[in-house]
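Per-entry structural report
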Amino acid sequence: MAKRRRLPRLRVKLRELYHGKTPGAVRFRLSVIALDFLLIAFFIAAPFLRGSPAYLVVDYAVALILAVDLGARVLADTSVKTLVRRPVLWVDLFVLLTLLFPLWLFNLAFLRVLRLWSLFHSNLFWETVGRRYDDTRVEDVTKTLATLVTYVFVVTGFVYAGFAREHPGIQTYVDALYFTMATITTTGFGDIVLPGAWGKLLTIVIMVSGITLFVRLAQTLMRPDKVRFPCPTCGLLRHDPDAVHCKACGEQLNIPNDE
């Protein structure tokens with residue numbers, strides 16, 4: 001009985017910390033976000049640290065931290081069904097899996113950097129650090145840029161895992177990053193070329209998808225500033241920041257404004 005009573009109390013406390021607006025809750029979430037950035041830095045630096053004797057110790061310590069945070073967020077969420085439908089949860093679960101089995105899933109370790117994408121697409125980040133810019137163009141630009149940066153590191157890790165030491169031009173992680181940036185930007189110096197038909201097809205995929213992400217970022221930067229607020233009548237989501245009526249149906253709007 002005592003354990004059953006403790007669990008609801010723990011859930012209430014976690015909900016206050018993860019979703020509350022008190023100064024203590026905000027400080028807690030800021031600490032969680034700062035820890036997230038440290039974990040992401042570890043994921044990016046992992047290819048350079050893999051030969052260190054302490055690498056596995058740090059890897060399992062990071063797995064423990066991520067598991068505790070993930071479990072706490074699940075308990076703090078008001079609807080588990082809604083949480084399960086979020087891609088962010090599945091990304092974090094996959095990252096945790098690669099941390100728990102680093103030797104078996106060695107070739108998939110580069111996907112850990114997806115944690116960067118999940119952080120900038122989480123409500124935790126925008127309700128805490130970016131609450132002033134929530135549902136604005138700043139949020140759209142930040143998410144698009146985070147997607148592009150994540151893509152660069154994922155592709156770099158994939159190229160490094162698949163071609164390092166098997167291709168004379170790709171000996172280090174920096175070589176893979178150099179090839180990725182030259183391909184995505186279509187600079188194409190030609191000093192590093194992936195071998196065979198598989199390498200050519202992979203290069204084409206990297207170029208096409210990379211250009212698409214760059215175009216998406218440019219569109220987001222040049223798009224007129226809008227705020228997201230669903231019209232109660234027609235459902236139009238984007239409106240001018242000072243809009244009083246919906247442009248689509250004329251419905252009167254009541255867009256929240258901090259000023």
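Residues numbered from 1 in each chain as written. Predicted model: local features only at pLDDT ≥ 70, side-chain atom pairs only at ≥ 80, totals over all residues. Heavy atoms only, no water.

A word on the overall build of the chain
Assigned secondary structure in the chain consists of ten helices and two strands. Shown N-terminal to C-terminal, the secondary structure of the chain runs as helices and strands in the order α-α-α-α-α-α-α-α-α-α-β-β. Burial status across the chain gives 39% buried among its 259 residues. Partitioning the contacts of the chain with sequence separation of at least 6, the portion at a separation of at least 24 is 56%. A total accessible area of about 15400 Å² is found for the chain, and carbon and sulfur atoms account for 66% of it. (Helix = DSSP H or I, 4+ residues; strand = E, 2+ residues; numbered from the N terminus. Buried < 20%, exposed > 50% of the residue type's maximum accessible area, 1.4 Å probe, protein only. Contact = heavy atoms within 4.5 Å. Areas by Shrake-Rupley, 256 points an atom, 1.4 Å probe, with all protein chains shown as cover.)

Looking at the confidence of the model for the chain
When pLDDT is averaged across the chain, the result is 79; 90% of the residues are at 70 or more. When mean pLDDT is compared element by element in the chain, helix H9 (residues 173–184) scores highest at 87, while helix H4 (residues 80–84) scores lowest at 71. (pLDDT = per-residue confidence, 0-100.)

Some words on the packing of helix H8 (residues 137–163) against H9
Close contact between H8 and H9 brings their axes to 8 Å; oriented N to C, the two are set at 125°. Relative to H9, the element H8 lies oblique. Crossing angle aside, the handedness with which H8 passes H9 is right-handed. In this structure, H8 contributes Tyr151, Val152, Phe153, Val155, Thr156, Gly157, Val159 and Tyr160 to the contact, and H9 contributes Tyr173, Ala176, Leu177, Phe179, Thr180, Met181 and Ile184. Its residues placed into classes, the contact of H8 with H9 shows twelve nonpolar, three polar and no charged. (Axes fitted to C-alpha atoms, helices over the stretch in contact; angles between N-to-C directions. Parallel < 35°, antiparallel > 145°, perpendicular 65-115°, else oblique. Left-handed = near helix turned anticlockwise from the far one by under 90°. Nonpolar A, V, L, I, M, F, W, Y, C, P; charged D, E, K, R; others polar.)

Description of the pattern of salt bridges
Enumeration over the complete set of coordinates arrives at seven salt bridges. Note that Asp36 and Arg115 form a salt bridge whose closest N and O atoms lie 2.5 Å from each other. With Asp36 in helix H2 (residues 23–49) and Arg115 in helix H6 (residues 114–120), the pair connects residues that are 79 residues apart, well separated along the chain. Residues Asp36 and Arg115 agree in their burial class; the two are buried. With a closest N to O distance of 2.8 Å, Asp92 and Arg73 form a salt bridge. Of this pair, Asp92 sits in helix H5 (residues 87–100) while Arg73 sits in helix H3 (residues 55–76); the two residues are 19 residues apart in sequence, bridging distant segments of the chain. Both residues of the pair, Asp92 and Arg73, count as buried. Among the charged side chains, a salt-bridge network with shared partners connects Asp36, Asp69, Arg73, Asp92 and Arg115. (Salt bridge = Lys/Arg side-chain N within 4 Å of Asp/Glu carboxyl O.)

Thoughts on the packing of H8 against helix H10 (residues 196–222)
Following both chains from N to C, one finds H8 and H10 inclined at 165°, their axes separated by 9 Å at the closest point. By the angle between their directions, the pair H8 and H10 is classed as roughly antiparallel. Crossing handedness for the pair H8 and H10: left-handed.

Remarks on the packing of aromatic side chains
By the definition in use, this model includes seven aromatic pairs. Ring centres of Phe42 and Phe43 lie 5.9 Å apart, and the angle between their planes is 55°; this geometry places the pair in the tilted category. Residues Phe42 and Phe43 agree in their burial class; the two are buried. Ring-pair connections join several aromatic residues into one group, and the members of that group are Phe37, Phe120, Phe125 and Trp126. (Phe/Tyr/Trp six-rings, centres within 6.5 Å; stacked < 30°, edge-to-face > 60°.)

Some points on the side chain of Thr180
Checked against the element boundaries, Thr180 lands in helix H9. Once residues within four sequence positions are removed from consideration, Thr180 is found in contact with Val152, Val155, Thr156 and Val159.

Points about H10
With 27 residues, H10 extends 39 Å between its outermost C-alpha atoms, agreeing within 8% with the 39 Å of an ideal straight helix rising 1.5 Å per residue. Among the residues of H10, those classed as buried are Gly199, Leu202, Thr203, Ile206, Gly210, Leu213, Leu217 and Thr220. Elements in contact with the buried residues of H10: H8 and H9. (Expected span 1.5 Å × (residues − 1).)

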